[in-house]
Amino acid sequence: KGTPTLLAVAEGVFGTRVVDCANPEAPVARAVAASPLPVLNVSASDVGSAVLACGEAGLWAMNLGDPDDPALFPLLVGDYPKGALASLGDRVYVAKNSKIQTWNYAVPSFPSLESEVPVSSPALGLAVSGDLLLASCQDAGVLLFSLSNPAAPSLLGSFTFEGSAGQAAVAGSRMAVAAGTKGALLVDISDPSDPVQVGEWTTETGFIGGVALGSEELLWVAQSDRGTYALNVSDPENPEKVGGSVSYDTNQGRLYLHGDYLFQPTLEGSINLANVADPAKPEESAFIDSKASFSLAFSGNRMLVCDGASGLREMDVSNPEAAFPVAYFETPGVSYAGAILDNGAVVVSAQEGGLWALGPTSCSGPTLYLPCEGDHISAFNPPIFTWKPTADAKYVIKV
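Residues numbered from 1 in each chain as written. Predicted model: local features only at pLDDT ≥ 70, side-chain atom pairs only at ≥ 80, totals over all residues. Heavy atoms only, no water.

K.L.:
What should I look at first to understand the pairing of strand E12 (residues 125-129) in this one?
P.N.:
Moving residue by residue along a regular strand, the side chains alternate between the two faces of the sheet. The sheet contact formed by E12 and strand E13 (residues 132-136) spans five bridges and is antiparallel. The residue of E13 that forms the bridge with Val128 is Leu133. Hairpin connection between E12 and E13: a loop of two residues separates the two successive antiparallel strands, and Gly130 in this loop has a positive phi of roughly 60°. (Pairing = 2+ DSSP bridges. Helix = DSSP H or I, 4+ residues; strand = E, 2+ residues; numbered from the N terminus.)

K.L.:
Help me understand the sheet that holds strand E7 (residues 71-76), please; the structure alone is not making it clear to me.
P.N.:
Backbone hydrogen bonds hold the strands of a sheet together, and the pairing may be parallel or antiparallel. Read across the sheet, four strands follow the order E4-E5-E6-E7 without closing on themselves; strand pairing throughout is antiparallel. Among the strands making up the open sheet, the edge pair consists of strand E4 (41-44) and E7. Strand-to-strand twist across the sheet, computed as the mean angle between neighbouring axes with direction ignored, equals 25°. (Axes fitted to C-alpha atoms, helices over the stretch in contact; angles between N-to-C directions.)

K.L.:
What should I look at first to understand the sheet that holds strand E14 (residues 142-146) in this one?
P.N.:
Here four strands make up an open sheet; going across it, the order is E12-E13-E14-E15 and the pairing antiparallel. Two strands in the sheet have a free side with no partner beyond their single neighbour: E12 and strand E15 (154-159). Going across the sheet, the axis of each strand differs from the next one's by a mean of 25°, ignoring polarity. Taken together, the five bridges between E13 and E14 define a ladder with antiparallel strand orientation. Bridge pairing in E14 links Leu132 to Ser146.

K.L.:
Help me understand the pattern of salt bridges, please; the structure alone is not making it clear to me.
P.N.:
Two side chains of opposite charge can pair, provided their charged atoms sit close to one another. Inspection of the entire model under this criterion finds nine salt bridges. Here Asp20 makes a salt bridge to Arg30, at a shortest N to O gap of 2.9 Å. With Asp20 in strand E2 (residues 16-20) and Arg30 in strand E3 (residues 28-33), the pair connects residues that are ten residues apart, well separated along the chain. Asp20 gets classed as buried once you look at its relative accessible area, which sits at 19%. Each of Asp20, Arg30 and Asp68 takes part in a single network of salt bridges with overlapping partners. (Salt bridge = Lys/Arg side-chain N within 4 Å of Asp/Glu carboxyl O. Buried < 20%, exposed > 50% of the residue type's maximum accessible area, 1.4 Å probe, protein only.)

K.L.:
Looking at this structure, how should I read the side chain of Ser136?
P.N.:
Mapped onto the elements of the fold, Ser136 is located in strand E13. Separated by 2.6 Å, the side chain of Ser136 and the backbone oxygen of Gly166 make a polar contact. Once you skip the residues sitting within four places of it in the chain, Ser136 turns out to touch Pro122, Ala123, Leu124, Gly125, Gly141, Val142, Ala165, Gly166, Gln167 and Ala168. (Polar contact = N/O pair within 3.5 Å; in protein donor to acceptor, adjacent residues only side chain to side chain. Contact = heavy atoms within 4.5 Å.)

K.L.:
What is the right way to look at unusual backbone geometry in this model?
P.N.:
Note: most peptide bonds trans; most residues except glycine with negative phi. One non-glycine residue with positive phi stands out, namely Asn97, at about 55°. Position of Asn97 among the secondary structure elements: in the loop between strand E9 (91-96) and strand E10 (99-104). Judged by relative accessible area, which is 33%, Asn97 ranks as partly exposed. Even without glycine at this site, Gln138 takes up a positive phi of about 55°. In this structure, Gln138 sits in the loop between E13 and E14. Classification of Gln138 by relative accessible area gives partly exposed; the value is 25%.

K.L.:
In this structure, what is going on with the nonpolar core? I would like to understand it.
P.N.:
Soluble globular proteins tend to pack their nonpolar side chains together in the buried interior. Counting 26 residues, the largest nonpolar core has Leu85, Ile100, Leu126, Leu133, Ala135, Cys137 and Phe145 as the members making the most contacts within it. Secondary structure elements with two or more residues in this core: strand E8 (82-88), E9, E10, E13, E14 and strand E32 (337-340). The element contributing the most residues to this core is E9, with four residues. Non-local contacts of Ala135, meaning those with residues more than four positions away in its chain, are made with Ile100, Ala123, Gly125, Leu126, Gly141, Val142, Leu143 and Phe145. (Core = buried A, V, L, I, M, F, W, Y, C linked by side-chain atoms within 4.5 Å.)

K.L.:
Help me understand a nonpolar patch on the surface, please; the structure alone is not making it clear to me.
P.N.:
Together, Val51, Leu59, Leu75 and Leu76 make up a nonpolar patch on the protein surface, roughly 330 Å² of accessible area in all. Its place among the elements puts Leu76 in strand E7. (Patch = residues over 30% accessible without salt bridge, like charges linked within 9 Å, V, L, I, M, F, W, Y side chains within 5 Å. Areas by Shrake-Rupley, 256 points an atom, 1.4 Å probe, with all protein chains shown as cover.)

K.L.:
I'm lost on the packing of aromatic side chains in this one. Help?
P.N.:
If you walk through the whole model with that rule in mind, you get six aromatic pairs. Plain terms: the ring middles of Phe294 and Tyr336 are 5.6 Å apart, the flat faces sit at 40° to each other, and that makes the pair tilted. In this pair, Phe294 sits in the loop between strand E27 (283-288) and strand E28 (295-299) while Tyr336 sits in the loop between strand E31 (324-329) and E32, placing the two residues 42 residues apart along the sequence. Using a relative accessible area of 38% as the deciding quantity, one classes Phe294 as partly exposed. Residue classification places Tyr336 among the buried residues on the basis of a relative accessible area of 14%. Through a chain of ring-to-ring contacts, three or more aromatic side chains come together here, namely Tyr256, Phe263 and Phe298. Taking the ring centre of Tyr229 as reference, the NZ or CZ of Lys241 above it sits at 4.4 Å. (Phe/Tyr/Trp six-rings, centres within 6.5 Å; stacked < 30°, edge-to-face > 60°. Lys NZ or Arg CZ within 6 Å of the ring centre and 35° of its normal.)

K.L.:
Can you walk me through the side chain of Asp307 in this structure?
P.N.:
Summarising the element assignment, Asp307 is placed in the loop between strand E29 (302-306) and strand E30 (312-316). Only 2.9 Å separates the side chain of Asp307 from the backbone nitrogen of Ser293, close enough to count as a polar contact. When near neighbours in sequence (up to four residues on either side) are disregarded, Asp307 contacts Ser290, Lys291, Ala292, Ser293, Phe294, Arg313 and Ser335.

K.L.:
Help me understand the pairing of strand E22 (residues 227-232) in this model?
P.N.:
Most of E22 sits inside the fold, with five of its six residues counted as buried. Two elements, strand E21 (residues 218-223) and E22, share six bridges in a ladder whose sense is antiparallel. Paired with Val221 across the two strands is Tyr229, which belongs to E22. Counting the residues between successive antiparallel strands, the hairpin from E21 to E22 contains three residues. Of the pairings in the sheet, the one linking E22 to strand E23 (residues 240-246) comprises four bridges and is antiparallel in character. Bridged to Asn232 within E23 is Glu240.

Okay, here's the thing in structure tokens:
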């Protein structure tokens, strides 16, 4: 107790470094404690102990009683954080460190792990298009997997380039990849085992953070300092800008095309909404308030917003310009990616909080539950809800 003088530093594969900071102007390294797996995070107390997060090795306690010889003790068996996620039917594909797992959620309350495939670099994004699974694996490019057997994806080919693969989108036999400062890349995937680059769109300033394909001939790009705009890519070797830009500021997020609307999470957390029925005259029509918006997912008029530490929200987008929230779940970890399955259930990856399957709770009957019986309410994010009373009923609401 008293003023803490020891600093514990998580150093990944090198373990945890213990530093004596009794004299802050001249800190002294006392020891380095090796751990079973890379140390992802550390939380130290002022009573001579610390807790280490070691991925699949779980949580470990570190006794700092002797700073020159710290002792480690296992607390809980762990797992790597789960991130990018995509679905096909009632199956979910999720990125777990350097693997992609396939989970069967036919019975949402009893999911089963069906397979795992290794990837050379962790996938930051996953997308399903027809019978293909696309994995954006940073410096390893975009990997293309066959889903002819949905329970066991098999690698068909890869598209690699100098740079880092971001969001990928597909229309027909055309794939577009957001490649950051390398621009937007156009790829022919008519033969998925041999993807071939057929064009690119480079920028003199900023970077391309998101892409969406309206068709094989129409590409939407999000440029960090020039807004979101359309490109005519009917001649992929000579893309041409179509019309003007929308959402000029903070265009660093991904793009999601849903009907005649383009959704884009921004750096501040809100979601910009543009009507792009006429690509030559896109109109910024509204914005949806949110906190972080790591990713979006759609099914009919349902939209999932993965809002980082603020949890998961579901919104009704039957009228996108007047979208409203209908459900909220406070994930026990960062809400990173989600999907709506064919059976109606929702699955969300909460990174260190694992995978969660969520089912709807009815609000019908004589009692009004806020938001609905069984849901969690965050003290920091009071839910907004709409409710239509049944005919000829009388209600008293007290706040």
